[in-house]
Amino acid sequence: MRKIFLSIALSLMFTTSAFAGLNVLATLPWIGSAAKEIGKDKVNVTVLAKPSQDAHFLEAKPSMILAARKADIIMYDGLDLEIGYLPLVIESSKNPKLMPGKPGNLDCSQFITVLEKPTTVDRSMGDVHPLGNPHYHFSPSRVLRVAEGITRLLADADKSNASYYEANYKAFAERLHEKEKQWHAVQLQGKKYIAYHKYFEYLADEFGFRFIGYLEPKPGIPPSAGHIEGLIETMKKEKPTAILVTPAYGMQAAESLSAKTGVKVIVLPHDVGSMDNTGDLISFWDKINTLLK
Amino acid sequence: MKIISFSSMLMLVFGFCTATAFAQDQNERLNMLEESDKSQQRTIEQQQKTIDALKTQVNQNQSPSTATPVSPSQKASGLFGGSAFTNPNLSIVLDAFGYSSNLTNDAMANRGIPGFTTQGLDQRQGLTVDSAELFFFSPVDPYLNFYANLPVTDAGIEIEEAYVVTTALPEGWQIKGGKFKSNFSRLDSQHPHAWDFWDIALPYRAFLGGEGLGGEKGVQLTYLPALPIYTIFGAEVLQGENDLLFGQGAEEGPHAFTFFVKSSVDISDYSTLYFGPSVLFGKTDNTNILPGAEVRGNSALYGLEAVWKWKPTSRQALTIQSEYLLLTQSGTVTDTATGISDPLKRKQDGFYIQGIYRVNRWGIGARYDTINVFSDTFKQADVQTDYGKPRRVTASLEYNPSEFTRIRLQVSHDRSDTVTGRTNDEAILQFNFTVGAHPAHSF
């Protein structure tokens with residue numbers, strides 16, 4: 001009995017110190033992927049959301065709290081996207097390193113220029129994000145700035161490997177710039193699209209296309225029959241190229257609208273790993289670019 | 001004519017003046033221009049040097065740490081990058097309902113659970129606005145967070161909860177102090193508006209009262225070790241003011257204590273199991289267990305909870321939840337009229353199981369609760385009284401137009417009054433509204 005107790009006590013002591021590198025906890029797959037690009041084998045990255053899950057519908061689970069308990073750094077999208085579970089996860093983790101204001105608490109949105117920040121907001125407008133559109137991971141240039149912020153944080157937290165992280169950042173930036181030339185060669189300027197949710201505003205911002213309507217009348221509110229009728233009218237007039245949707249959010253409604261209007265549906269991945277060949281950030285943007293061609 | 005000559009004179013004079021001034025100035029100005037041209041040349045040369053130096057620096061070391069700050073959206077953000085909505089965190093939850101039963105208001109007020117509680121149902125037929133609950137949250141300083149839950153009712157404002165929690169203790173330790181809801185069992189730790197049904201489960205009503213243990217004054221210590229599976233250990237010292245299990249005057253100091261362990265594992269990506277044992281024990285002294293009698297003694301309530309949640313898609317979830325409670329109580333029962341005391345021994349248990357399935361905006365639920373399941377010992381002066389098996393079935397249907405509104409229809413068939421045998425068939429239409437930044441509910 002005493003032996004068992006001793007071995008449990010010993011294993012308890014060593015579970016915390018067994019990992020060599022920094023333990024990074026990312027809320028979303030793309031953030032995990034960015035941390036991995038910079039940290040490579042010097043960090044252990046855990047991601048809270050599964051690639052198949054939509055970021056809007058996550059709920060706090062005890063396993064998330066445990067992951068936060070073991071983390072040195074938490075990285076999140078911010079702009080209230082994680083407001084439904086992250087405050088609770090951080091608070092319940094009883095991990096002082098992750099508390100707001102500590103270096104281990106990284107709000108990635110601090111590095112980017114936010115789109116669609118409303119001047120007035122209340123909940124009669126639906127579940128609108130009061131700090132602006134949080135889906136900025138569709139913008140490679142913005143994610144590069146986030147990667148830069150992550151690099152500085154990792155270099156600060158783990159000074160002995162600072163030059164390693166900086167070199168990884170440089171390599172990532174170079175690979176991205178190469179790819180960006182390819183992506184911008186695809187002519188999307190001026191094209192018109194319909195989307196289910198206000199998901200792709202940063203993509204449109206980056207590549208110069210625009211949205212003429214959304215299936216959701218207000219963010220988070222499912223489409224009503226009346227709203228769809230109005231949308232069909234707009235589509236007849238404006239003739240959009242396609243309806244953009246993600247696999248986990250609004251597929252059925254998009255397909256039914258497509259059947260009514262003859263406008264094709266393009267299913268875009270909502271995050272890294274949510275479709276085939278989207279295993280890291282660059283292949284994720286590559287996939288989107290190929291699908292929009 | 002006069003006017004013309006005057007004006008031409010004026011022009012002449014003016015022209016002369018400017019001409020002489022111009023001539024005087026010219027040399028000076030030329031010198032100045034040359035001078036400024038030279039100085040500009042120097043500035044340009046200097047700037048060119050700086051640019052070259054910067055260029056070489058950049059080429060040498062293209063590291064992001066030397067780059068200029070890249071925060072175009074630097075903003076005074078609140079908690080977790082939150083908005084003005086979320087710091088300080090303030091919200092109001094309004095609970096309103098319509099109630100209908102086959103019993104009269106008087107019959108309900110006298111409807112206890114024989115052998116468990118004499119406290120009646122605090123319900124009236126018709127429309128009720130139960131409370132508007134105010135929630136506050138804010139960090140106090142880098143070491144403490146503050147929470148408060150202040151229900152405003154017809155009777156005034158209450159302090160249901162007001163406590164601080166440490167945020168800076170290392171290694172998974174946390175201390176909570178103030179008036180708070182105990183984490184002893186599941187329904188007790190949740191706010192009533194977060195329950196899957198309108199009212200509390202029957203075993204809770206039998207052992208702790210219609211509102212459960214409720215907010216208790218005390219201190220809680222919890223420890224979350226970095227184990228391979230989520231396991232939290234906790235202990236609480238409470239004042240023990242619950243007037244069914246304990247009683248304000250049972251002892252002058254704190255006289256209720258809890259220990260609990262909760263574990264959780266993700267069975268798959270889509271399902272999670274949460275379970276754990278707990279115990280709540282202390283000194284009892286109240287007059288709410290038997291009619292016209294005061295019970296004094298020691299009580300212990302053992303609990304076991306299990307929750308299984310299956311969430312195959314983002315808009316679909318099934319939650320099955322069950323708890324078992326076992327009460328042991330030993331002491332004396334004193335007739336308040338005659339003053340005669342008898343020894344009392346109780347060992348009674350109860351459990352409930354409930355399931356709720358939610359898809360898109362709809363939810364459908366069912367619950368079965370019963371007491372005196374495996375043990376129904378109620379011995380007064382060594383004589384057993386048989387109180388039967390109080391039980392109840394409940395069904396519910398809910399519609400959630402948004403995250404912030406819940407409309408729930410609940411019907412129940414209650415056979416907890418085993419002495420008269422009268423059933424209580426209830427129907428409740430409940431409306432729940434949340435405004436503000438209500439914190440996320442725990443699992």
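Counting from 1, residues in each chain are numbered in the order their sequence is written. Chains and ligands are labelled by the order in which they are written, letters from A for the one and numbers from 1 for the other. Note on the predicted model: pLDDT of at least 70 is required for a residue's local features to be given, and 80 or more for side-chain atom pairs to be given and counted; whole-chain, interface and lining totals, by contrast, use all residues.

**Student:** Would you explain the pairing of strand S7 (residues 242-245) of chain A in this entry?
**Tutor:** Side chains on a regular strand alternate between the two faces of the sheet. Residue and element names in this part refer to chain A. Should DSSP find at least two bridges between two strands, the strands are regarded as paired. Secondary structure counts use DSSP, requiring at least four H or I residues in a row for a helix and at least two E residues in a row for a strand, with both numbered from the N terminus. As judged from the 3 bridges shared by strand S5 (residues 192-195) and S7, these two strands associate in the parallel manner. Paired with tyrosine 193 across the two strands is alanine 242, which belongs to S7. Examined bridge by bridge, S7 and strand S8 (residues 265-267) share 3 bridges and lie parallel to one another. In the strand pairing of S8, leucine 244 is matched with isoleucine 266.

**Student:** Any chance you could explain the sheet that holds strand S4 (residues 105-107) of chain A here in plain terms?
**Tutor:** Sheets are built from strands paired through backbone hydrogen bonds, the pairs being either parallel or antiparallel. All names here are of chain A. Taken in spatial order, the 4 strands of this open sheet run S2-S1-S3-S4, and their pairing is parallel. Both outer strands of the open sheet, strand S2 (43-47) and S4, are each paired with one neighbouring strand and no more. This sheet shows a mean twist of 20° between the axes of neighbouring strands, independent of strand direction. Of the pairings in the sheet, the one linking strand S3 (residues 73-76) to S4 comprises 3 bridges and is parallel in character. In this analysis, axes come from line fits to C-alpha atoms, helices being fitted only over the stretch in contact, and the angle between any two N-to-C directions falls in the range 0 to 180 degrees.

**Student:** Help me understand the nonpolar core, please; the structure alone is not making it clear to me.
**Tutor:** Buried together is how nonpolar side chains tend to be arranged in soluble globular proteins. With 87 residues, the main nonpolar core has Val24, Ala34, Ala35, Ile74 and Met75 of chain A as its most contacted residues. For this core, the element with the highest residue contribution is helix H5 (residues 140-157) of chain A, accounting for 8 residues. All the domain ranges listed were derived from an automatic or database domain assignment. Counting contributing residues, this core receives three or more from each of domain 1 (2-181) and domain 2 (186-292) of chain A. Our contact criterion uses C-beta atoms placed from the backbone: two residues qualify when those atoms are within 7 Å. Not counting residues within four places of it along the chain, the set of residues in contact with valine 24 of chain A comprises Ala35, Gly39, Val43, Asn44, Val45, Ala71, Ile73 and Met75 of chain A. To form a nonpolar core, buried Ala, Val, Leu, Ile, Met, Phe, Trp, Tyr and Cys residues must be joined through C-beta atoms within 7 Å. A residue is called partly exposed when the number of other C-beta atoms within 10 Å of its own lies between 12 and 20, exposed at 12 or fewer, and buried at 20 or more, with C-beta atoms placed from the backbone. Counting residues in hydrophobic clusters, the runner-up holds 32 residues, among them Leu213, Leu238, Leu244 and Leu301 of chain B.

**Student:** Would you mind going over the pairing of strand S13 (residues 341-359) of chain B with me for this structure?
**Tutor:** Residues and elements named next belong to chain B. Alignment of strand S12 (residues 316-335) against S13, held across 19 bridges, turns out to be antiparallel. In the strand pairing of S13, glycine 331 is matched with leucine 344. Bridge count for S13 against strand S14 (residues 362-380) is 15 bridges, and the pairing is antiparallel. Counterpart to phenylalanine 351 in the pairing with S14 is threonine 370. Following S13, the chain reverses through 2 residues before pairing antiparallel with S14; asparagine 360 in that reversal takes a positive phi of roughly 50°.

**Student:** How should helix H2 (residues 29-39) of chain A be read in this particular structure?
**Tutor:** For an α-helix, the turn length of 3.6 residues means that residues three or four places apart are oriented alike. Residue and element names in this part refer to chain A. Counting buried positions over the 11 residues of H2 gives 11, a clear majority of the element. Of all the residues in H2, the buried ones are Pro29, Trp30, Ile31, Gly32, Ser33, Ala34, Ala35, Lys36, Glu37, Ile38 and Gly39. Contacts made by the buried residues of H2 are with strand S1 (22-26), S2, S3, H5, helix H6 (162-185) and helix H10 (281-292). Lysine 40 lies just past H2 and shows a positive phi near 45°.

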